[in-house]
Amino acid sequence: MANRSINLVLHQGSVSPHHELPQLRPANFHSFSSTWIITNGSLHVSPQRWNCSTSCCYCFRLRECRCNWKRLVRSCYTSEFVIASDENYGNKQVVSLTPRLYEYVLKNVREPEILRQLRQETASMRGSLMQVSPEQAQLLAMLVQILGAERCIEVGVYTGYSSLAIALVLPESGRLVACERDAKSLDVAKKYYQLAGVSHKVDVKLGLALDSLESLILNGEAGSYDFAFIDAEKKMNEKYFELLLQLVRVGGLIVVDNVLWHGKVADPLVYDPKTISIRNFNQKLMEDKRVSISMVPIGDGMTICRKR
Ligand SMILES: C[S@@+](CC[C@H](N)C(=O)[O-])C[C@H]1O[C@@H](n2cnc3c(N)ncnc32)[C@H](O)[C@@H]1O
């Protein structure tokens, strides 16, 4: 690891520079090409490089330290975290979400009561982690509103949290095609569409999403949708994307969830099939001239694609 390019992240309760170096624990060691992360309980840093004197203290004083690290630390405004930006990226500061900061973000989400109830009911269900987060749902709804979308598609409904967020902001004449293969979770979704008074806007397609999308195309609906959200089987993302690219009009959006895959996409030590397929798909999107893209680090990461 060269010392020219290092992002340093200190989380609350983490080991600070003036503490004794803990034993490095290989099992917890995640080395990224240009990032060292210090988190609770494990310090992912080369001991030889950590040569601050004892006067070099946490965060603020780190700037005064004579060690090689000080020039890499650009700011420290709270004791909760420090982010030193990478000089290769113009010294931009990037905020790392700590639990406390995330709680603050959540406090600033206007989650409709019916969505809160659905989230609570789903919390005890199997697979509840699959649900998009409240701030993600809010962003999806915002995109639908900005677009003035009338016709939407969701691939992967589960118990309906993201689809309900979308349906709630659709106009009365709007339509959301909701594709899901699991009847049991769809029952919960349908109950909440009913409770929210949006059932008439949601066209539920029980079955394999690929089949549902293909039949929409066969039905002559290509180019007639404004917005699509992909949140189902990750290895199928590329296939869903290709079909949705036919179904969405020019200027419409396709949003893909889980593009950061719990951070695994950036970890060269992780190469399980799912991570590889998400990595490859991200790379394909990056090179795909048919869409403009924006990868947004929200929730588990979403890429917003606009059809050109
Ligand atoms: C991540 S969850 C969706 C979460 C949902 N968007 C939400 O925010 O609550 C993925 C869902 O996709 C469904 N799914 C997976 N593969 C599918 C397929 N081939 N066809 C239809 N649904 C599928 C799963 O049953 C699961 O409910």
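Presented here is an overview of the structure given in this document. (Residues numbered from 1 in each chain as written. Predicted model: local features only at pLDDT ≥ 70, side-chain atom pairs only at ≥ 80, totals over all residues.)

### Considerations on the overall build of the chain
Phase 1: The helix and strand inventory of the chain stands at 8 helices and 11 strands.
Phase 2: Going through the 308 residues of the chain one by one, you find that 34% of them count as buried.
Phase 3: Long-range pairs, those at least 24 residues apart, make up 66% of the contacts in the chain with a sequence separation of at least 6. (Helix = DSSP H or I, 4+ residues; strand = E, 2+ residues; numbered from the N terminus. Buried ≥ 20, exposed ≤ 12 C-beta atoms within 10 Å, placed from the backbone. Contact = placed C-beta atoms within 7 Å.)

### Focus on the site of the ligand
Phase 1: With respect to spatial proximity, 19 residues lie near the ligand, and among them M130, G156, Y158, S162 and A209 are the closest.
Phase 2: Listing elements by their share of the shell around the ligand, those giving two or more residues are helix 4 (161-169) and strand 6 (175-180).
Phase 3: Each residue belonging to the shell around the ligand can be placed in one class, and the counts come to 9 nonpolar, 5 polar and 5 charged. (Near = placed C-beta within 6 Å. Nonpolar A, V, L, I, M, F, W, Y, C, P; charged D, E, K, R; others polar.)

### Focus on helix 3 (residues 134-147)
Phase 1: For helix 3, built from 14 residues, the straight-helix expectation of 20 Å at 1.5 Å per residue is met to within 8% by its first-to-last C-alpha distance of 20 Å.
Phase 2: Every buried residue belonging to helix 3 is among P134, Q136, A137, Q138, L139, L140, A141, L143 and V144, and all of these are buried.
Phase 3: A positive backbone phi angle near 65° is found at G148, which sits one or two residues after helix 3. (Expected span 1.5 Å × (residues − 1).)

### Brief notes about the sheet that holds strand 7 (residues 202-206)
Phase 1: Pairing within the open sheet is mixed, and its 7 strands lie in the order 7-6-5-8-9-11-10. The open sheet terminates on both sides in strands that have one partner only, identified here as strand 7 and strand 10 (291-296). The mean angle between the axes of side-by-side strands here comes to 15°, regardless of whether they run parallel or antiparallel.
Phase 2: In this structure, strand 9 (residues 248-257) lies alongside strand 11 (residues 302-307), joined through 5 bridges in antiparallel fashion. By the bridge assignment for strand 11, V255 is matched with I304.
Phase 3: Of the strands in this sheet, strand 6 and strand 7 touch helix 5 (residues 183-196), which is tilted by about 170° from strand 7. (Pairing = 2+ DSSP bridges. Axes fitted to C-alpha atoms, helices over the stretch in contact; angles between N-to-C directions.)

### What about the packing of helix 6 (residues 209-218) against helix 7 (residues 237-247)?
Phase 1: The geometry of helix 6 relative to helix 7 is characterised by a closest axis approach of 10 Å and an angle of 20° between their N-to-C directions. Viewed along their axes, helix 6 and helix 7 adopt a mutual orientation that is roughly parallel. In terms of crossing hand, the pair formed by helix 6 and helix 7 is left-handed. On helix 7, the residues that touch A209, L210, L213, E214, L216 and I217 of helix 6 are K239, Y240, L243, L244, Q246 and L247. (Parallel < 35°, antiparallel > 145°, perpendicular 65-115°, else oblique. Left-handed = near helix turned anticlockwise from the far one by under 90°.)

### Quick look at the pairing of strand 9
Phase 1: With respect to burial, strand 9 is a largely interior element, 7 of its 10 residues being buried.
Phase 2: Bridge count for strand 8 (residues 225-230) against strand 9 is 5 bridges, and the pairing is parallel. Opposite I230, over in strand 9, you have V256 as the bridge partner.
Phase 3: Traced from strand 8 through helix 7 to strand 9, the parallel crossover comes out right-handed. (Right-handed = clockwise from strand over helix to strand, strands pointing away.)

### Some words on unusual backbone geometry
Phase 1: Non-glycine residue Y158 carries a positive phi angle of around 55°.
Phase 2: Mapped onto the elements, Y158 comes out in the loop between strand 5 (151-155) and helix 4.
Phase 3: Assessed through the 23 C-beta atoms surrounding it within 10 Å, Y158 is described here as buried.
Phase 4: Unlike most non-glycine residues, W261 shows phi in positive territory, near 45°.
Phase 5: Looking at the secondary structure, you find W261 in the loop between strand 9 and helix 8 (273-287).

### Notes on the nonpolar core
Phase 1: Among the nonpolar cores identified, the biggest contains 59 residues, and L140, C152, A228, I230, L244 and I254 are the most heavily contacted of them.
Phase 2: Sequence-distant contacts of I230, defined by excluding residues within four places in its chain, comprise V155, N237, Y240, F241, L244, I254, V256 and D257. (Core = buried A, V, L, I, M, F, W, Y, C linked by C-beta atoms within 7 Å.)

### Comments concerning the environment of T275
Phase 1: Position of T275 relative to the elements: it lies in helix 8.
Phase 2: Considering only alpha carbons, one finds T275 and K264, 11 residues apart in sequence, at a separation of 6.5 Å.
Phase 3: Those residues within four positions of T275 in sequence are excluded, and the remaining contacts are W261, K264, V265 and V270.

### Structural notes on the pairing of strand 6
Phase 1: Burial analysis of strand 6 places 5 of its 6 residues in the buried class, the great majority of the element.
Phase 2: Direction of pairing for strand 5 relative to strand 6: parallel, over a ladder of 5 bridges. Bridge pairing in strand 6 links V155 to C179.
Phase 3: At this point the chain moves from strand 5, through helix 4, to the parallel strand 6, and the crossover so formed is right-handed.

Read these as geometric descriptors, not functional statements.
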